[in-house]
Amino acid sequence: MESMGSEAALAGMEASMKEDLSMEIDPPFKESLATADDWRKALNKVVPAVVVLRTTACRAFDTESAGASYATGFVVDKSRGIILTNRHVVKPGPVVAEAMFVNREEIPVYPIYRDPVHDFGFFRYDPSAIQFLTYEEIPLAPEAACVGLEIRVVGNDSGEKVSILAGTIARLDRDAPHYKKDGYNDFNTFYMQAASGTKGGSSGSPVIDWQGRAVALNAGSKTSSASAFFLPLERVVRALRFLQKGRDSNSSSWEVVTIPRGTLQATFLHKGFDDTRRLGLRSETEQLVRHASPLGETGMLVVDSVVPYGPAHKHLEPGDVLIRLNGEVTTQFLKMESLVDDSVNHKLELQIERGGKPLTVDLTVQDLHSVTPDYFLELSGAIIHPLSYQQARNFRFQCGLVYVAEQGYMLFRAGVPRHAIIKKFAGEDISKLEDFISVLSKLSRGARVPLEYISYSDRHRRKSVLVTVDRHQWYAPPQIYTRDDSSGLWIVKPVLPPGSPFLSPQVPSEHNLASNRVPSCAAELAQMEPAHQCPVQESMDGFTSMETSCEQIDEGPHSLDETDSGTKKRRVEEELSAADGVLLPECSLHEPREERLEDNGTGTDTVLGDYQGAAAAVATNASVAEHAIEPTLVMLEVHVPSSCMLDGVHSQHFFGTGVIVYHSQTMGLVAVDKNTVAVSVSDVMLSFAAYPIEIPGEVVFLHPVHNFALVAYDPSALAAGASLVRAAELLPEPALHRGDSVCLVGLSRSLQATSRKSFVTNPSAALNIGSADCPRYRATNMEVIELDTDFGSTFSGVLTDDLGRVRAIWGSFSTQLKYGCTSSEDHQFVRGIPIYSICQILDKIISGAVDRTLLINGIKRPMPLIRILEVELYPTLLSKARSFGLSDSWIQALVKKDPIRRQVLRVKGCLAGSKAENLLEQGDMVLAINKAPVTCFRDIEDACQQLDRYKEKNEKLELTIFRQGREMDIPVGTDVRDGNGTPRVINWCGCIVQDPHSAVRALGFLPEEGHGVYVARWCHGSPAHRYGLYALQWIVEVNGKPTPDLDALVAVSKEIEHGEFVRVKTIHLNGKPRVLSLKQDLHYWPTWELRFDTETAIWRRNTIKSLDSKAM
């Protein structure tokens, strides 16, 4: 009996211990009595109140980047029209959103509140807009959440309109999830956890019980498991009550409601009592806390981190254990936050223990909204604003510093990364955004000024870079966006005063403009010293093409090859800087040329002499060719603005070596490959091997076929270095042959010349480069020079003879290696480009043959037009041609014409829209032009030049071709192209449209409905992004009106108002038609065009239609 009694007592004690232990871990399970019918009734009531949110973050801001996404929300106040969802859905920055109810009714929604810390926010909508659906609001019941509660998550899971996922709440005290180190994270709160398996799109879904009440808000999940994280609703209910008090349900307007939120700028974690004891918590304090806390309390709040210079800075330290707040024992986040929120701008007494020592500190609670930015500066595509509390906590910087949320173009070009903190600009300390704007207002276009910044990844060292203010109008003038919660929009205002130098466009001086007469230019050219030796020969090559970028505008964002220092294409690395040395002050580009040229006194001569002497000493071991050619070499660094990446250019940053082919007192010309200078819409900086100086250049000619471009520079900007820089001597004839000896000379990134003697293995290797996934420039109808060594495989330069005379450019070519059907990789290789085609263009410029004029350095100069046969050809061996039925007489004639190549040219395809289209067919063999046999690409170029030389009016070539066993003579028309590249681009609804460039036409297809409006790129966060108007397609109709060209699109867009839905018909590159609708947003995405002004040689941006200007 006793033993039994003792066993019974022991069993009772054991049961009691187990109950205590379970209570310490989590509250006991509550048995669910809900039936399937109960759940059915609850879901029937809940589902109509759940909406799919389609949100578009129009600009990067704070923790979020620009983009479009889907999420979930649910109605919590039907009469006032309030929808609850997550903070990361509402976004801290500009957002445009629509809600779609279960019956597919769509209405616009506007943000009214996003919590600075916790992951919840509210949208508002007009309840009267819902006409065909009966629904009720979902009540919030935070007190109903408990461990073991059976729940349903109703929302837009994985993009599905309605998904219902079941689960059981397993924890109520999970730490707030950590998403990423440089983005949004919740803190100072518990989360709930359940294995509901929610995925993307379910953010903001209600977590409901069987009574149809929301007990939590779905926020995130773990990708490696089925765990989902739910936000408790206590603070949500508080915020909702403030919103409801601030707006009468009968009022038609929405007034701004301030929800009091306080902060100590300190992060706390909830740690168990064992952890707190190890941190030094005294046993008597633990007993006090246990006694004063609710039954089942398992731990205490411990300081995890403190933001520098916040209210808790130098008062609280990591590891401090919180005992009391204002005399009350506080162990839960909810109680702590309630006290802090109710004490904004008041003192709060904290009793803590630090290593076992009790301390009392009085802290002033700061208004949390004051350290949450509600405005930003947009400058050259960059988003700059005060550092928020969220990011200050992530990076451990002081709140309010000048923070780069998106680097845009100007800062990207300088090498300033995202998340940088600007500390100094143009020599002035920057502590707040107003300081930065003040300095910016004093700068003029084209100015180069130093900037110092720090980054969280290398916080202990400042980095110095040179920022170049945009000379061209790539972007709109700087603007300030300020949040307006009453309208849900961000109000845009210009930030600079009207008289600011930054707003004044850079134009040539009156003295230069007065000389804009071609005859005077020709007279001046006649007086210049000869810069090269080129016989006057007229010969041009095939066709041009460039890449159309289909990648997303990001940021970021751009995939570039990161190979060794000689690779042609480079990405500006995130931490790129002008080294860690001292930046020398540089003169403004607006400084008068006369002052700089007059400052060439004795001191300058001495320095110049020293530099020449040092260079000579270094070059003692250099070859004759290297010594002769080095003063003519130039390193080019090219940046392309993301706002106008035309012609399929595949990167924003390029560099490579060019050679000076012309140099006089008023103009210098540099020849370089088109894998370095791909488009005319770019900023070019030139660094000379002959003299340590960097000056800007302008793209003046892009050959429509050959892989070279001409970049002009102003010799007066060289100052003392003008006497050291010279043009190379060009030697186009005789052509190189196999076995000839050449000297390959190039430049390293440090502007050191490197050379090696090589031998030509193939002087006429035909290129065969396939089209890229996104059409871009690829060299076609070209023969290149191959060498016997791979010494020059990592850099570009020139091929010279032993005396330093240029025989060819050693240029870079871009191609795309494809692996299977889905993956591909950009690749670069280098080959020799014969110099004869450059000589032909140069001769036309110097001779003053006026086809068209272009303003260069303030003087109008003649620029040639190029006649070409727009047909892509490839060589076939005569032995293969015989198998196709080519006669012996033609084979003998072709061998006699060219006994080395022994080939015939075949048609691969005609460019769509060319005069040769529909006349030549794929596989045709081109035997002769005007009865003269042709065997190589140059023969066809020479024939085209003959038409110009003898002023042929019909502009046709008589081609003798062999097609399917028959010889025939066909007159084929030629086309005339300039070297401008694409001179005009339009941004409509965030998609960048242009005329189709040659690489697109080379695919052989143009829509019959109209082909003048080709989508080259699209912008993140734009209507084009949200509704799927992506690249690689033509816009052929807008609202049923044809758009055959850009002017037609402009005319149609002027008729469309802000917020109006439009119907767009497109045709893809593969010929597939599609009709979509999108809503025009003139507030964040006005319609504008960028056009090259030939009178001033400046790219100018014109607003076509905006919310303020309407139709211009």
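Residues numbered from 1 in each chain as written. Predicted model: local features only at pLDDT ≥ 70, side-chain atom pairs only at ≥ 80, totals over all residues. Heavy atoms only, no water.

**Some details on the overall build of the protein**
Note the following rule: Per the convention used, a helix needs a DSSP run of H or I reaching at least four residues, while a strand needs a run of E reaching at least two, with both numbered from the N terminus. Burial classification: accessible surface area is computed with a 1.4 Å probe over protein chains only, and a residue below 20% of its type maximum counts as buried, one above 50% as exposed, and the rest as partly exposed. The Shrake-Rupley method, run with a 1.4 Å probe sphere, supplies the accessible areas, and residue values consider only the shown protein chains as cover.
Within the protein one finds 22 helices and 61 strands. Out of the 1112 residues in the protein, the part that is buried amounts to 58%. When the accessible surface of the protein is split by element, carbon and sulfur atoms take 52% of a total near 44700 Å².

**Details of the pairing of strand β5 (residues 106-114)**
Basically, it comes down to this: Any two strands are treated as partners once DSSP identifies two or more bridges connecting them.
Summarising the sheet, strand β4 (residues 95-100) and β5 pair through 4 bridges and their orientation is antiparallel. The residue bridging A99 from the neighbouring strand is I107, located in β5. Bridge analysis of β5 against strand β6 (residues 121-124) gives 4 bridges, and the strand direction is antiparallel. Paired with P111 across the two strands is F123, which belongs to β6. In textbook terms, the turn of a hairpin is the stretch between consecutive antiparallel strands, and for β5 and β6 this stretch comprises 6 residues.

**With respect to helix α10 (residues 433-440)**
Counting along an α-helix, one turn takes 3.6 residues, and residues three or four places apart therefore face a common direction. This is how it is decided: Regarding the arc, it is the one traced by the directions from the helix axis to the C-beta atoms.
For α10, every residue scored as buried is listed here: L433, F436, I437, V439 and L440. Buried residues of α10 fall within an arc of 160° about the axis and therefore sit on the same side.

**A few points about the environment of W1099**
Let me state the cut-off plainly: Here, two residues are considered to be in contact whenever any of their heavy atoms come within 4.5 Å of each other.
Residue position: W1099 is located in strand β60 (residues 1098-1106). Given the relative accessible area of 2%, W1099 is considered buried. Through-space distance from the C-alpha of W1099 to that of V681 is 8.0 Å; in sequence the pair is 418 residues apart. Non-local contacts of W1099, meaning those with residues more than four positions away in its chain, are made with H472, Q473, W474, S680, V681, T982, P983, R984, L1090, R1091 and F1092.

**Considering the nonpolar core**
Soluble, globular proteins show a tendency: their nonpolar side chains are buried together. For clarity, the threshold we go by: Remark: nonpolar core denotes a set of buried residues (Ala, Val, Leu, Ile, Met, Phe, Trp, Tyr, Cys) joined through side-chain atoms within 4.5 Å.
Ranked by internal contacts, the top residues of the largest apolar core, which has 53 residues, are F122 and L140. Ignoring any residue separated from it by four or fewer positions in sequence, one finds L140 in contact with F74, V76, L84, A214, L233, V236, V237 and L240. V659, A671, I835 and I856 belong to the second largest nonpolar core, which has 48 residues in total.

**Quick look at the packing of aromatic side chains**
Selection criterion: Aromatic rings from Phe, Tyr and Trp, with only the six-membered ring used for Trp, were paired whenever their centres fell within 6.5 Å, and each pair was classed as stacked if the ring planes differed by under 30 degrees, edge-to-face if by over 60, and tilted otherwise. Two limits define a charge over a ring: the Lys NZ or Arg CZ must be within 6 Å of the ring centre, and within 35 degrees of the ring normal.
As enumerated under the stated definition, the model contains 25 aromatic pairs in all. With 4.7 Å between their ring centres and 5° between their planes, F376 and Y481 make a pair best called stacked. A residue pair is termed long-range when its members are at least 10 positions apart, and F376 in strand β21 (residues 375-379) and Y481 in strand β28 (residues 479-484) qualify at 105 residues. Considered together, F376 and Y481 belong to a single accessibility category, that of buried residues. A centroid spacing of 5.3 Å and a plane angle of 75° characterise the contact between F688 and Y713, whose relative ring orientation is edge-to-face. Of the two residues, F688 is situated in strand β33 (residues 683-688) and Y713 in strand β35 (residues 709-713); the sequence distance between them amounts to 25 residues. On the basis of relative accessible area, F688 is assigned to the buried category, the value being 1%. The residue whose ring lies beneath R749 is F655, and the NZ or CZ to ring-centre distance is 3.8 Å.

**Notes on the pairing of strand β8 (residues 163-175)**
For strand β7 (residues 150-155) and β8, the ladder comprises 6 bridges, and the chain directions are antiparallel. When the sheet's bridge partners are listed, G155 is paired in β8 with S163. The pairing of β8 with strand β9 (residues 190-194) spans 4 bridges and is classified as antiparallel. Of the residues in β9, the one forming a bridge with R174 is Y191.

**Description of the environment of V1052**
Along the polypeptide, V1052 turns up in helix α22 (residues 1046-1054). Along the backbone, V1052 and K1041 are 11 residues apart, and their C-alpha atoms lie at a distance of 7.5 Å.

**Notes on the environment of A628**
Relative to the helices and strands, A628 is located in helix α15 (residues 624-629). Residue classification places A628 among the buried residues on the basis of a relative accessible area of 17%. Distance from A628 to T800, taken between C-alpha atoms, is 9.8 Å for residues 172 residues apart in sequence.

**Comments concerning helix α16 (residues 836-847)**
This is how it is decided: A helix is expected to reach a length of 1.5 Å times the quantity of its residues less one.
Over its 12 residues, α16 runs 16 Å from end to end, which matches the ideal 16 Å to within 8%, given 1.5 Å per residue. With respect to burial, α16 is a largely interior element, 10 of its 12 residues being buried. Turning to α16, its buried residues number three or more, namely Y836, S837, I838, C839, Q840, I841, L842, D843, K844 and I845. One or two residues past the end of α16 sits G848, with phi positive at roughly 80°.

**Points about unusual backbone geometry**
Here the residue pair E733 and P734 is connected by a cis peptide bond, since its omega of -5° sits within 30 degrees of zero. The phi torsion at N326 lies on the positive side, around 50°, for a residue other than glycine. Inspection of the secondary structure puts N326 in the loop between β16 (321-325) and β17 (328-329). For N345, which is not glycine, the phi dihedral falls at a positive 65°. Looking at the secondary structure, you find N345 in the loop between α7 (333-341) and β18 (347-354).

**Considerations on the sheet that holds β6**
Under the convention used in this document: Helix axes use the C-alpha atoms of the stretch in contact, all axes being lines fitted to C-alpha atoms, and the angles between their N-to-C directions lie in the range 0 to 180 degrees.
Strand order in the closed barrel formed by 6 strands is β1-β2-β3-β6-β5-β4, with antiparallel pairing between adjacent strands. Here the strands of the sheet are splayed against their neighbours by 40° on average, with no regard to which way each runs. On top of the sheet, helix α4 (residues 234-246) reaches β2 (67-77), β3 (82-85), β5 and β6; it is set at about 35° to β6, its chief contact.

**Comments concerning the side chain of S203**
To keep it simple, the criterion reads: Here a polar contact is recorded for every N or O atom pair within 3.5 Å, except that within protein the pair must consist of a potential hydrogen donor and a potential acceptor, and residues adjacent in sequence are included only if both atoms are side-chain atoms.
For S203, the position within the fold is in the loop between β9 and β10 (206-208). You can call S203 buried: its relative accessible area is 16%. There is a polar contact of 3.0 Å between the side chain of S203 and the side chain of H88. Non-local contacts of S203, meaning those with residues more than four positions away in its chain, are made with A71, T72, T85, N86, H88, V89, N218 and A219.

**Section: the sheet that holds β8**
On the basis of which strands lie adjacent, the closed barrel formed by 6 strands has the order β7-β8-β9-β12-β11-β10 and antiparallel pairing. Put simply, the sheet's adjacent strands are angled 45° from each other on average, direction ignored. Relative to strand β12 (residues 228-231), β9 is paired through 3 bridges, and the arrangement is antiparallel. Looking at the pairing, A194 lines up with A228 of β12.

**Regarding the pattern of salt bridges**
Put simply, the rule reads: Counted as salt bridges are all cases of a side-chain nitrogen of Lys or Arg within 4 Å of a carboxyl oxygen of Asp or Glu.
According to the stated counting rule, one finds 66 salt bridges in the structure shown. Each of D115, R235, R238, R261, E337 and D341 takes part in a single network of salt bridges with overlapping partners.

**Considering the side chain of T331**
Positionally, T331 belongs in the loop between β17 and α7. Side-chain polar atoms of T331 contact the side chain of E297, separated by 2.9 Å. Sequence-distant contacts of T331, defined by excluding residues within four places in its chain, comprise H270, V289, S293, E297, G299, M300 and L301.

**A look at the state of the cysteines**
Quick reminder of the rule: For the purposes of this analysis, a disulfide is any pair of cysteine sulfur atoms at a distance within 2.5 Å.
Evaluation of the coordinates by the stated rule reveals 0 disulfides. Left unpaired, C1019 is separated from the closest cysteine sulfur, that of C991, by 8.3 Å.

**Notes on the packing of α4 against α7**
Basically, it comes down to this: The scheme is simple: roughly parallel for angles under 35 degrees, roughly antiparallel for over 145, roughly perpendicular for 65 to 115, oblique for anything else. The classification used treats Ala, Val, Leu, Ile, Met, Phe, Trp, Tyr, Cys and Pro as nonpolar, Asp, Glu, Lys and Arg as charged, and all other residues, Gly among them, as polar.
Where α4 contacts α7, the two axes come as close as 11 Å, and the packing angle between them is 25°. On the basis of the axis angle, α4 is roughly parallel to α7. Of α7, the residues touching α4 (which contributes E234, R235 and R238) are L334, E337, S338 and D341. In terms of residue class, the contact of α4 with α7 is made up of 1 nonpolar, 1 polar and 5 charged.

**Digging into empty space enclosed by the protein**
Any space left empty among the atoms is revealed by the rolling of a water-sized probe across them. Note the cut-off: The way it works is a 1 Å grid over only the protein atoms, where trapped points that fit a 1.4 Å probe form a cavity and open points with protein on both sides within 12 Å along at least five of seven lines form a pocket, and then any residue with an atom within 4 Å of a point lines it. Grid points are joined across faces, edges and corners, and a volume is the space filled by probe spheres set on the points.
Going through the model one piece at a time under the given rule, you end up with 10 cavities of 30 Å³ or more. Lining the largest cavity are 14 residues, and of these N188, G262, T263, L264 and V340 lie nearest its centre. Taken together, the elements giving at least two residues each to the lining of the largest cavity come down to β13 (262-263), β14 (266-272) and α7.

**Comments concerning the confidence of the model for the protein**
Detailed reading of the predicted coordinates is not advisable wherever pLDDT is low. In plain terms, the rule: The predictor rates its confidence in each residue with pLDDT, a number between 0 and 100.
Scored by pLDDT, the protein has a mean of 86; 85% of the residues are at 70 or more. Here residues 507-604 scores under 50 on pLDDT; set against residues more than four positions off or in separate chains, the count is 286 contacts.

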